[in-house]
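Notes for the structure review
If you want the building blocks of each chain, they are given just below.
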Amino acid sequence: MAKTHAAAVSQQAGTPLVVVERETPEPGPNDVLIEVKAVALNPIDFYQRDYGMPPVPIYPAVLGSDVAGYVTKVGSNVTTAPPVGSRVLALASAFYQNGSPDHGAFQKFALAQSEAVTALPDSLSFEQGAVYPLAVMTALTAWTTMGISLTTRFTPADKQAVLIWGAASSVGTYAVQSAKALGFTVYATASPKHHDYIKSLGAHAVFDYKDADVVSKIVSAVRQDGLKLYNAHAVVDGALQHVLDVLKETKGQNPAQVANSPVLPEGHPTLDNTTIKFNYPSFDKEVRDKHIGDCFHGFLAPLLKNGALVPSPHLQVESGGLEGLNGALDKQRAGVSGTKIVVPL
Ligand SMILES: NC(=O)c1ccc[n+]([C@@H]2O[C@H](COP(=O)([O-])OP(=O)(O)OC[C@H]3O[C@@H](n4cnc5c(N)ncnc54)[C@H](OP(=O)(O)O)[C@@H]3O)[C@@H](O)[C@H]2O)c1
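Per chain, residue numbering runs from 1 following the sequence as it is written. For a predicted model such as this one, the threshold for reporting local features is a pLDDT of at least 70, and the threshold for listing and counting side-chain atom pairs is 80 or more; totals across whole chains, interfaces and linings nevertheless cover every residue. Note that the side-chain values use all heavy atoms of the structure and ignore hydrogens as well as water.

**Regarding the overall build of the protein**
- Per the convention used, a helix needs a DSSP run of H or I reaching at least four residues, while a strand needs a run of E reaching at least two, with both numbered from the N terminus. The secondary structure content of the protein amounts to nine helices and 15 strands.
- For every residue, the accessible area obtained with a 1.4 Å probe (protein chains only) is divided by the maximum for its type, and the residue is called buried under 20%, exposed over 50%, and partly exposed between those limits. The 345 residues of the protein split such that 57% are buried.
- Taking contacts inside the protein between residues at least 6 apart in sequence as the whole, the part at least 24 apart equals 70%.
- To be clear on the numbers: accessible area is Shrake-Rupley with a 1.4 Å probe, and residue cover counts the displayed protein chains and nothing else. Total accessible area computed for the protein in this model is approximately 14,400 Å², and 53% of it derives from carbon and sulfur atoms.
- In summary, the charge assignment counts Lys and Arg as positive and Asp and Glu as negative, without counting His or the chain termini. To locate a charge, the coordinates of NZ of Lys, CZ of Arg, CG of Asp or CD of Glu are taken. Across the protein, the 26 positively charged side chains and the 30 negatively charged ones have centroids separated by 5 Å. We call two residues in contact when some of their heavy atoms are within 4.5 Å.

**Here we look at the UniProt feature "domain: Enoyl reductase (ER)" (unreviewed entry) in the protein**
- In the UniProt entry, the feature "domain: Enoyl reductase (ER)" (unreviewed entry) is given for residues 14-343.
- A distance of 21 Å separates the end C-alpha atoms of residues 14-343, which is 30% helix and 24% strand. UniProt positions are given in the numbering used here, feature names are shortened, and annotations may be inferred rather than shown by experiment.

**Topic: the site of the ligand**
- Neighbouring the ligand are 25 residues; Val171, Ser191, Tyr209, Asn279 and Ser337 lie closest to it.
- Interatomic distance of 3.5 Å between a backbone N/O atom of alanine 168 and an oxygen atom of the ligand.
- Each polar contact in these results corresponds to two N or O atoms within 3.5 Å; when the atoms are within protein, one needs to be able to donate a hydrogen and the other to accept it, and residues that are neighboring in sequence are counted only if both atoms are side-chain atoms. The backbone of valine 171 places a nitrogen or oxygen atom 2.7 Å from an oxygen atom of the ligand.
- Starting from 940 Å² of accessible surface for the ligand in isolation, the protein chains cover 81%.
- Think of a 1 Å grid over the protein atoms and nothing else: a 1.4 Å probe that fits but is trapped marks a cavity, an open set flanked by protein within 12 Å on at least five of seven lines marks a pocket, and residues with an atom within 4 Å of a point count as lining. Here the criterion for a molecule occupying a pocket or cavity is that more than half of its atoms lie within 2 Å of the pocket grid points. In this structure, the ligand is accommodated by the largest pocket.
- Elements with a minimum of two residues in the shell around the ligand: helix H3 (133-145) and helix H4 (170-182).
- Polarity classes work like this: nonpolar for Ala, Val, Leu, Ile, Met, Phe, Trp, Tyr, Cys and Pro, charged for Asp, Glu, Lys and Arg, and polar for all others, with Gly in that last group. Residues that form the shell around the ligand fall into these classes: 13 nonpolar, 11 polar and one charged.
- Domain start and stop points were drawn from an automatic or database domain assignment. Looking at which domains feed residues into the shell around the ligand, each of domain 1 (4-131 + 313-344) and domain 2 (137-278) gives three or more. Note on terminology: near, applied to a residue and a molecule or strand, indicates that one of the residue's heavy atoms is within 4 Å of it.

**Re H4**
- Here a helix's expected span is defined as the number of its residues, less one, multiplied by 1.5 Å. Here H4 contains 13 residues, and its C-alpha end-to-end distance of 19 Å stays within 8% of the 18 Å for a straight helix at 1.5 Å per residue.
- The buried fraction of H4 amounts to 11 of the 13 residues, a majority that puts the element mostly inside the structure.
- The complete set of buried residues in H4 reads Ser170, Val171, Gly172, Thr173, Tyr174, Ala175, Val176, Gln177, Ser178, Ala179 and Leu182.
- At the C-terminal side of H4, glycine 183 shows a positive phi close to 95°.

**Side note on the nonpolar core**
- Of all hydrophobic cores here, the largest spans 55 residues; its most connected members are Tyr132, Trp143, Ile164, Ile198 and Phe296.
- If one sorts the elements of this core by residue count, H3 sits on top with eight residues.
- Looking at this core, you find at least three residues from each of domain 1 (4-131 + 313-344) and domain 2 (137-278).
- We call a set of buried residues a nonpolar core when its members are Ala, Val, Leu, Ile, Met, Phe, Trp, Tyr or Cys and they connect through side-chain atoms within 4.5 Å of each other. Val32, Ile34, Leu41 and Ala90 belong to the second-largest nonpolar core, a separate cluster that totals 34 residues.

**Considerations on the environment of valine 88**
- Looking at where valine 88 falls in the secondary structure, it is placed in strand S5 (residues 87-91).
- In this structure valine 88 comes out as buried when scored by relative accessible area, which is 1%.
- Non-local contacts of valine 88, meaning those with residues more than four positions away in its chain, are made with Ile34, Val67, Ala68, Gly69, Val71, Pro82, Val117, Thr118, Ala119 and Leu120.

**Focus: the sheet that holds strand S13 (residues 274-278)**
- In this analysis, strands are considered paired if DSSP registers two or more bridges between them. The six strands are arranged S10-S9-S8-S11-S12-S13 in an open sheet whose pairing can be described as parallel. The open sheet is flanked by strand S10 (205-207) and S13, the only strands paired with a single partner. Strand-to-strand twist in this sheet, taken as the mean axis angle between neighbours without regard to direction, amounts to 20°.
- Summarising the sheet, strand S11 (residues 228-234) and strand S12 (residues 256-260) pair through four bridges and their orientation is parallel. Counted as the bridge partner of histidine 233 is alanine 259 from S12.
- Set on the sheet, H4 makes contact with strand S8 (160-165), strand S9 (185-189) and S11; between it and S8 the angle comes to about 175°. Helix axes are fitted only over the stretch in contact, all axes being lines through C-alpha atoms; the angle between N-to-C directions runs from 0 to 180 degrees.

**Examining helix H7 (residues 240-250)**
- The complete set of buried residues in H7 reads Leu240, Val243, Leu244, Val246, Leu247 and Thr250. Around the axis of H7, the buried residues are gathered within 160° of arc, so they sit on the same side.
- The positive-phi residue at the C-terminal boundary of H7 is glycine 252, with phi of around 60°. Starting at the helix axis, one direction is taken to each C-beta atom, and the arc is that of these directions.

**Focus: the environment of proline 262**
- For proline 262, the location among the structural elements is in the loop between S12 and S13.
- When its relative accessible area of 15% is taken as the criterion, proline 262 is described as buried.
- On a C-alpha basis, the gap between proline 262 and lysine 199 in space is 24 Å, while along the polypeptide they are 63 residues apart.

**As for the pattern of salt bridges**
- Salt bridge, as used here, is a side-chain nitrogen of Lys or Arg placed within 4 Å of a carboxyl oxygen of Asp or Glu. What the rule picks out here adds up to 14 salt bridges.
- Of the charged contacts in the structure, one is a salt bridge between arginine 49 and aspartate 330, with a shortest N-O distance of 2.6 Å. In this pair, arginine 49 is assigned in helix H1 (residues 43-51) and aspartate 330 in helix H9 (residues 325-334), connecting sequence segments 281 residues apart.
- Residue classification places aspartate 330 among the partly exposed residues on the basis of a relative accessible area of 41%.
- With a closest N to O distance of 3.5 Å, arginine 223 and glutamate 249 form a salt bridge. Of this pair, arginine 223 sits in helix H6 (residues 214-225) while glutamate 249 is found in helix H7, placing the two residues 26 residues apart along the sequence.
- The exposed category is assigned to arginine 223, whose relative accessible area is 52%.
- Exposure remark for glutamate 249: the relative accessible area of 40% places this residue in the partly exposed category.
- The network of salt bridges with shared partners includes Arg49, Asp50, Asp330 and Arg333.

Encoded structure:
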């Protein structure tokens, strides 16, 4: 008889997840089967549970993207994954696998494509490991969306600055950390209670996004520092207009680039000589798989190993395992401030 495992499944949009037994899959040629020890939550998870959006092509569905656990089995073509028994973190996401429920995170055994699996150093717990995958990938995809390679390493002589609007978000914290690794001077926005923390992650200056003068304060600081600010990541809803207001003053005659992590609304604001793109990996599978490998193997793995990319933001560990996921998703939906919700399984 086939082996089974427990999974929290979405049977239809707008209903709570239900814990059921599912058949444990064999890994496909490029898959890694992971025994999941901790999952982290992202806004897409409650959107898909509650509204079935972004579209969920297959029900019952297994939602979620972020896992940490043990490698249990690897597919026949996999050459890059850590061996069976290794501790790993991974993007286990049905979203990138045509809705395949075997690839969703919210279950005790999940498949992940090999490009999205990275060794978890012994210094990090499974809970800490689970906070990286989707948030890191989104922060890194913003760079390539802006036309900036992940191998970029500016020096202070380049005077390159970047604006991260929404730095206390999960994606925003990795936007700051990765910006520092690429050699940017980081201007960021967050609530004042997070300013010291965002600076500890590598930001040069942090501004209160609720301050009526926030735009002019950022512009003055960039001018005073004598830096070039043409690139920005609008991480959160409502960021784009402010980001453009800053770039209007700082870009001069230079073309500017903005990566917008939330879906760009119809009729969104624009700015002359400025490219504004939805921050999303390529729809071409081959290009996307290479990009995912560049993120997880090329960029993340060495920085995890040497401790240069720390788990962020602060962990908010919720108990209850798979049964606790609905309550944890409700907390995510109500809004988090400078925390990432993690559920040990
Ligand atoms: N395109 C993609 O592939 C992709 C992937 C993942 C996520 N996303 C999107 O990226 C966004 C961020 O996701 P996340 O998981 O990082 O979110 P999150 O951690 O849930 O974001 C919460 C944080 O947002 C900050 N925030 C809210 N409104 C703000 C504003 N007007 N200005 C500045 N900061 C603000 C808050 O900061 P304070 O605590 O300082 O108030 C809070 O800490 C979401 O829209 C999500 O849907 C897109």
